[in-house]
Amino acid sequence: MKWIYRISGIVSIVTLWGLLHYFHIVSALVLPSPTEVLFSLMTAYQDIVFWQDIFYTILRTLTGFSIGTIAGIFIGLIMGYSEKMYDMLEFIVDFFRSIPATALFPLFMIAFGIEDGSKIALAAWTCALVMTVNTMSGVHSAKQLRIKAARTLHIRGMTLLRKIIVPEALPHIAAGARIALSLALIVIIVTEMFIGTNEGLGKRITEKQQIFAIADIYVAIITTGLIGYALNRCALAIEKRALHWHGK
């Protein structure tokens, strides 16, 4: 039954969109008709260059996400497990987490250039901060009774971390990963628009905006949303399979 509600929601949005366009409530320059966008969508999906743009956007997103996730989990585990490291790094993490990623564009361009390095590095930076906070929170939420019981059995160090603390923190890590994945896609799209590239959906949005091809802009935006939705569903499926024991 869920698919019926999902389809009805989509139909409602498209219907409202059509009414806004038909009665000129919103300018056609801003909101083209659904049929025009659908035609542009079908045309774009037959273009190999469009699929190349999709491929490079997804590749950059997953690369930045992977690097940032690994780094964030590592730092978060250290901060969560060691009070000294937590006291040392807490302010630094919170400080940089408060700075919008877009404010760091110039620095990353200078450090990594205008090619893929700066885009991936900025996405990785964003993901690392999210994963650090979520991992650290997960470690802190680990049930103290289990930890104390393990320590009475002389389970300490890496064994305690691997067998007790990490499994307890995994639900927080998984939730953080889904947030980080969405943010990575956002950062990649924005950097493709403003830092510049030869391929990518962000580049396509900027190019179509310059020639006022509004329907094509909506095609790129809709495609980005579909990619984000698909990535999130994949992450949920992996999380459900990996954490099948959680809540039991």
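Parameters and conventions
Position numbers for residues start from 1 in each chain and track the written sequence from start to end. At least 70 in pLDDT is required for a residue's local features to be given in this predicted model, at least 80 for side-chain atom pairs to be given and counted, and no such filter applies to totals for whole chains, interfaces and linings, which use all residues. Excluded from the side-chain calculation are hydrogens and water; included are all heavy atoms of the structure. Here the axes come from fitting lines to C-alpha atoms, over the contacting stretch only for helices, and the angles between their N-to-C directions go from 0 to 180 degrees. Working definition: helices are DSSP H or I runs of at least four residues, strands are E runs of at least two. Numbering for both runs from the N terminus. Here is the rule for angles: anything less than 35 degrees is roughly parallel, anything more than 145 is roughly antiparallel, 65 through 115 is roughly perpendicular, and the remaining ranges are oblique. In this scheme, a crossing is called left-handed if the near helix is turned counterclockwise away from the far one by less than a right angle; it is called right-handed if the turn is clockwise. Throughout, a residue-residue contact means that at least one pair of heavy atoms, one from each residue, lies within 4.5 Å. Residues are grouped as follows: Ala, Val, Leu, Ile, Met, Phe, Trp, Tyr, Cys and Pro are nonpolar; Asp, Glu, Lys and Arg are charged; every other residue, Gly included, is polar. Think of a salt bridge as a Lys or Arg side-chain nitrogen and an Asp or Glu carboxyl oxygen that are within 4 Å of each other. Burial here depends on accessible area, computed with a 1.4 Å probe over protein chains only, as a share of the maximum for the residue type. Under 20% is buried, over 50% is exposed, and the range in between is partly exposed.

Trainee: How would you sum up the packing of helix H5 (residues 105–112) against helix H6 (residues 116–140)? Please name residues and give values.
Mentor: Two elements in contact, H5 and H6, have axes whose closest approach is 8 Å; the angle formed by their N-to-C orientations is 130°. On the basis of their axis angle, the class for H5 and H6 is oblique. The element H5 and its partner H6 pack so that their crossing is right-handed. Taking contact as the criterion, the partners of Phe 105, Phe 108, Met 109 and Phe 112 in H5 are, on H6, Gly 117, Ser 118, Ala 121, Leu 122 and Trp 125. Of the residues contributing to the contact of H5 with H6, the split by class is seven nonpolar, two polar and no charged.

Trainee: An account of the pattern of salt bridges is needed here, citing residue identities and associated values.
Mentor: Tallying each qualifying case throughout the model produces nine salt bridges. Across the pair Asp 116 and Arg 60 runs a salt bridge whose closest N-O atoms are separated by 2.9 Å. Taken together, the positions of Asp 116 in helix H6 and Arg 60 in helix H3 (residues 48–81) put the pair 56 residues apart, joining distant regions of the chain. A salt bridge links Arg 178 to Glu 239; the nearest nitrogen and oxygen atoms lie 2.9 Å apart. With Arg 178 in helix H8 (residues 157–194) and Glu 239 in helix H10 (residues 214–242), the pair connects residues that are 61 residues apart, well separated along the chain. Given a relative accessible area of 25%, Arg 178 falls into the partly exposed group. One continuous salt-bridge network, built from bridges that share partners, spans Asp 53, Lys 203, Arg 204 and Glu 207.

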